[in-house]
Amino acid sequence: MTTIAVKDEWKRRAKIDDATYKAWYETSVSDPEGFWGEHAKRIDWIKPFSKVKNTSYAPGNIDIRWFEDGTLNVAANCIDRHLATRGDQVAILWEGDDPKDSKAITFKELHENVCRMANILIERGVTKGDRVTIYMPMIPEAAYAMLASARIGAIHSVVFGGFSPDALAGRLEGAQSSVLITADEGLRGGKKVPLKKNADKACEIAAKAGQSVDTVLVVQRTGGEVAWTKDRDVWWHEARDEVSADCPPVEMGAEDPLFILYTSGSTGKPKGVVHTSGGYLVYASMTHDYVFDYHDGDIYWCTADVGWVTGHSYIVYGPLANGATTLMFEGVPNYPDAGRMWEVVDKHKVNIFYTAPTAIRALMGAGDDKVTRASRATLKVLGSVGEPINPEAWTWYYKVVGEERCPIVDTWWQTETGGILITPLPGATALKPGSATRPFFGVQPQIVDNEGAVLQGATEGNLCIIDSWPGQMRTVYGDHERFEQTYFATYKNKYFTGDGAKRDEDGYFWITGRVDDVINVSGHRMGTAEVESALVAHPKVSEAAVVGYPHDMKGQGIYCYVTLMEGEEGSEALHKELVAHVRNEIGPIASPDKIQFAPGLPKTRSGKIMRRILRKIAEDDFGSLGDTSTLADPAVVDDLIDNRQNKK
Ligand code: WTA
């Protein structure tokens, strides 16, 4: 296996070298109180904390608190504290969908916009602890909305703009949110996304379920026509001039919630992951600083959407807390063509670029000339996140995009972890293509077998983390029991990530992917149960089982086994209808890649669907189905295989 040693050039400019990494890591686990007590000073506290860590993973008492008696305001940390020194520096560099469209927002302007939006929210009755739902395209106002909520102590819940009205309604209900911030339309790859229309429909659905929305703040993006509900709907561009440009930040406890972010799990509906204020901000800003080796004046670009956790921690909170210039991109990687990313890199002189393997694979397929026609001379660090990066894509990213000048940080983390947990540091870590390498400060990974026995040395198994770090989620919104069941019940006294991992002889970690019923489609997390429940909601479907299968571009694709109602026949038309139905229920990211009509599904005698077998069939791996003797009707498996082979 190739190892790429840390180059002298990387060492020279980096904040952390290997010796420092080792020394800090050692302190961070032997004396977490001392370590984090010191590093928490990187943010501004209104009232300093006296207690650093108070965390318990004990069964029945999962309780996670960091810096609990300190107070702060997250928005003030991301904006106000920079005004004196960098008020005229660009905070948000916005690149529109159309290459001709861009704009720069300074910290001063950010301050004014956030204050105005906060004042509108206050005027509409929003106070500390209220939930504000944000359903936005990638425009600066999405960041204003998040920071405005944080400024007044409201809890934001950002819903990805690609989700359907149904999905949005479910999240409005889940968070009991009566305030929604959206835009008339989004613009991606030259196509319009009817956000306000979707929002209207979502409000209708939510109202039927008992959750009324009384304020919809609408940002005008395209000027497209929208329906208007008087007294409920408010135009941002009208209201903003009627409120004050100043809004004092509210003093928040370190453990007061900052946001809820819904994410897919192996069972049931998406869960509201809750992150709080102090620990989250310390962790997001510290990881942003060291993982990307951020230096004052660097132009930093994370291509994620603010609808995902990567956008929260590494477009908005981490970079802005550090006074960075953060680039926000409205468009898609292949519009107007597959050279767009590198053009943007040149246009804005980007130094740090952070994207997902799915984008790298897609751009790799588009040909090197799209890359090499841009100079990319400003690039210093390249990052990857969201799914395992295959060594081929890694090597292309390293050699073609970075011309072997830039270290690649393959960052492993999750919505639940708030920030990066396993990653190289640019000036400290020798790289191995495909490995997320070593834990960040304070993170103690452990690999266990299915029975929970701890595996030592070079090994493979289930990835757990044995002690808390400041950015860890605190609870599932409104359901602490589910928090414990999901993450702490499988292996007692440790946090179970749901991922599998290998550890090699150098102690490097290689994430192998989810070991639960979550699939990762183009870096988007999808619960198989969610897709199944969308499918069975169709009148012609009696039963469905969904699994992931390896997909060249997307990493994993969505494979659906569907049993139809008595008397129904599988057909091309029904296939199309089901795909459209799932898109409608969840959103385009959940579109099934394959549907196999199956007269029966393999079940145990107690009625449990054997997904292991379905996964193998979807992978065309018929030889290693394992023990099928416990099935209620083993013949079902032969039918499925015949059927699969006939379709080819
Ligand atoms: C996967 C995204 C391998 C993993 C930040 C995890 C990765 C899930 C990596 C979380 C990586 C994320 N290498 N796998 N560098 N980064 N994953 O919550 O399966 O959207 O559990 O958070 O993505 O996805 P989520």
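- An unreviewed UniProt entry lists the protein chain under the name Acetyl-coenzyme A synthetase, with Jiella flava given as the organism.
- According to the UniProt record, the Sequence similarities (unreviewed entry) comment for the protein chain reads "Belongs to the ATP-dependent AMP-binding enzyme family."
- As stated in UniProt under Cofactor (unreviewed entry), the record for the protein chain gives "Mg(2+)".

### Comments concerning the site of the ligand
So, step 1. Every one of the 17 residues lining the ligand counts as a neighbour, but Asp410, Thr411, Thr415, Asp499 and Arg525 are closest to it.
So, step 2. Here an oxygen atom of the ligand sits 2.9 Å away from a polar atom, N or O, in the side chain of Gln414.
So, step 3. The contact in question runs from an oxygen atom of the ligand to an N or O atom on the side chain of Asp499, over 2.5 Å.
So, step 4. For the ligand, whose accessible area on its own is 530 Å², the fraction buried by protein is 96%.
So, step 5. Of all the elements in the fold, those that place two or more residues in the shell around the ligand are α12 (309-321), β20 (408-411) and β26 (509-514).

### Overview of helix α8 (residues 165-174)
So, step 1. Every buried residue of α8 is accounted for by Pro165, Ala167, Leu168, Ala169, Arg171 and Leu172.
So, step 2. Where the residues of α8 are buried, they touch β6 (131-135), β8 (179-183), α9 (195-208), β14 (257-263) and α19 (572-585).
So, step 3. In the segment just after α8, Gln176 is the residue with positive phi, at about 45°.

### Looking at helix α20 (residues 611-618)
So, step 1. Along α20, the residues classified as buried are Arg611, Ile613, Leu614, Ile617 and Ala618. Down the axis of α20, the buried side of the element spans an arc of 155°, and every buried residue falls inside it.
So, step 2. Contacts made by the buried residues of α20 are with α18 (528-536), β29 (541-551), β30 (555-564) and α21 (635-646).
So, step 3. Immediately beyond the C-terminal end of α20, within one or two residues, lies Asp620, with a positive phi of roughly 65°.

### Section: the sheet that holds strand β23 (residues 459-465)
Hydrogen bonding along the main chain pairs the strands of a sheet, whether they run parallel or antiparallel.
So, step 1. Strand order in the open sheet made by the 5 strands is β22-β21-β23-β25-β26, with antiparallel pairing throughout. Looking along the sheet, the strands with just one partner apiece sit at the ends: β22 (454-455) and β26.
So, step 2. Both strand β25 (residues 495-503) and β26 contribute to a ladder of 5 bridges, which runs antiparallel. Looking at the pairing, Lys502 lines up with Trp510 of β26.

### A short note on the packing of helix α11 (residues 278-291) against α12
So, step 1. Contact pair α11 / α12: the axes reach a minimum separation of 8 Å and the direction vectors enclose 90°. In terms of orientation, α11 lies roughly perpendicular with respect to α12. Residues Tyr280, Leu281, Ala284, Ser285, Thr287 and His288 of α11 lie in contact with α12, whose contacting residues are His312, Ser313, Tyr314, Tyr317, Gly318, Pro319 and Ala321.
So, step 2. Along the lines of polarity and charge, the residues of the contact of α11 with α12 split into 7 nonpolar, 6 polar and no charged.

### Brief notes about the sheet that holds β8
So, step 1. Read across the open sheet, the 8 strands follow the order β12-β11-β8-β6-β7-β14-β15-β24; overall the sheet is mixed. Taken across any chain shown, the strands that pair with only one partner, and hence form the sheet edges, are β12 (233-235) and β24 (475-476).
So, step 2. Across 3 bridges, the pairing between strand β11 (residues 215-219) and β12 is parallel. Counterpart to Val218 in the pairing with β12 is Trp235.
So, step 3. Contacts from α12 reach β7 (155-158) and β14 within the one sheet, and its direction differs from that of β14 by about 145°.

### Concerning the side chain of Thr215
So, step 1. Within the secondary structure, Thr215 is located in strand β11.
So, step 2. The class of Thr215 is buried, set by a relative accessible area of 3%.
So, step 3. Looking at Thr215, its side chain comes within polar contact range of the side chain of Arg124, at 2.9 Å.
So, step 4. Apart from residues lying up to four places away in sequence, Thr215 is in contact with Arg124, Ser178, Val179, Leu180 and Arg232.

### Points about the pairing of strand β31 (residues 594-597)
So, step 1. Of the pairings in the sheet, the one linking β30 to β31 comprises 4 bridges and is parallel in character. The partner of Tyr561 across the bridge, within β31, is Gln596.
So, step 2. Handedness of the β-α-β unit built from β30, α19 and β31 comes out right-handed.

### Side note on the confidence of the model for the protein chain
So, step 1. On average, the protein chain scores 96 in pLDDT, and the residues at 70 or more come to 100%.
So, step 2. Interface confidence for the predicted complex, expressed as ipTM, amounts to 1.00; the pTM equals 0.96.

### Side note on the nonpolar core
So, step 1. By size, the foremost hydrophobic cluster in this structure holds 157 residues, and its most contacted members are Phe67, Leu110, Leu147 and Tyr317.
So, step 2. For this core, the leading source of residues is helix α7 (residues 140-152), giving 9 residues.
So, step 3. Here Leu110 is in contact with Ile79, Ala91, Ile92, Ile105, Tyr144, Leu147 and Leu320, once residues within four sequence places are set aside.
So, step 4. In this structure, Trp301, Ala393, Val400 and Leu431 belong to the second largest nonpolar core, which totals 32 residues.

### Quick look at the pattern of salt bridges
So, step 1. What the rule picks out here adds up to 45 salt bridges.
So, step 2. Between Lys108 and Asp88 there is a salt bridge whose closest N-O contact spans 3.1 Å. Linking Lys108 in helix α6 (residues 107-123) with Asp88 in the loop between α5 (80-86) and β4 (90-95), this pair joins segments that are 20 residues apart in sequence.
So, step 3. Given the relative accessible area of 59%, Asp88 is considered exposed.
So, step 4. Asp233 is paired through a salt bridge with Arg232; the nearest N and O atoms lie 2.7 Å apart. No difference in accessibility class separates Asp233 from Arg232, as the two residues are buried.

### Topic: the packing of aromatic side chains
So, step 1. Scanning the entire structure with this criterion turns up 41 aromatic pairs.
So, step 2. Summarising the aromatic geometry, the rings of Tyr144 and Trp236 are spaced 6.4 Å apart at their centres and angled 55° between planes, so their arrangement reads as tilted. With Tyr144 in helix α7 and Trp236 in helix α10 (residues 236-239), the pair connects residues that are 92 residues apart, well separated along the chain.
So, step 3. Assessed through its relative accessible area of 4%, Tyr144 is described here as buried.
So, step 4. Judged by centre distance (6.4 Å) and plane angle (0°), the rings of Phe259 and Tyr317 are stacked. With a gap of 58 residues between them, Phe259 in strand β14 and Tyr317 in helix α12 connect regions that are remote in the sequence. A single burial state applies to Phe259 and to Tyr317, both of which are buried.
So, step 5. Lying across the ring of Trp94, Lys103 places its NZ or CZ 5.4 Å from the centre.
So, step 6. Here the basic side chain of Arg171 rests over the ring of Phe163, its NZ or CZ set 4.4 Å away from the ring centre.

Criteria and cut-off values
Residues numbered from 1 in each chain as written. Predicted model: local features only at pLDDT ≥ 70, side-chain atom pairs only at ≥ 80, totals over all residues. Heavy atoms only, no water. UniProt positions renumbered as here; feature names shortened; annotations may be inferred. Near = heavy atom within 4 Å. Polar contact = N/O pair within 3.5 Å; in protein donor to acceptor, adjacent residues only side chain to side chain. Areas by Shrake-Rupley, 256 points an atom, 1.4 Å probe, with all protein chains shown as cover. Helix = DSSP H or I, 4+ residues; strand = E, 2+ residues; numbered from the N terminus. Buried < 20%, exposed > 50% of the residue type's maximum accessible area, 1.4 Å probe, protein only. Contact = heavy atoms within 4.5 Å. Arc of directions from axis to C-beta. Pairing = 2+ DSSP bridges. Axes fitted to C-alpha atoms, helices over the stretch in contact; angles between N-to-C directions. Parallel < 35°, antiparallel > 145°, perpendicular 65-115°, else oblique. Nonpolar A, V, L, I, M, F, W, Y, C, P; charged D, E, K, R; others polar. Right-handed = clockwise from strand over helix to strand, strands pointing away. pLDDT = per-residue confidence, 0-100. Core = buried A, V, L, I, M, F, W, Y, C linked by side-chain atoms within 4.5 Å. Salt bridge = Lys/Arg side-chain N within 4 Å of Asp/Glu carboxyl O. Phe/Tyr/Trp six-rings, centres within 6.5 Å; stacked < 30°, edge-to-face > 60°. Lys NZ or Arg CZ within 6 Å of the ring centre and 35° of its normal.

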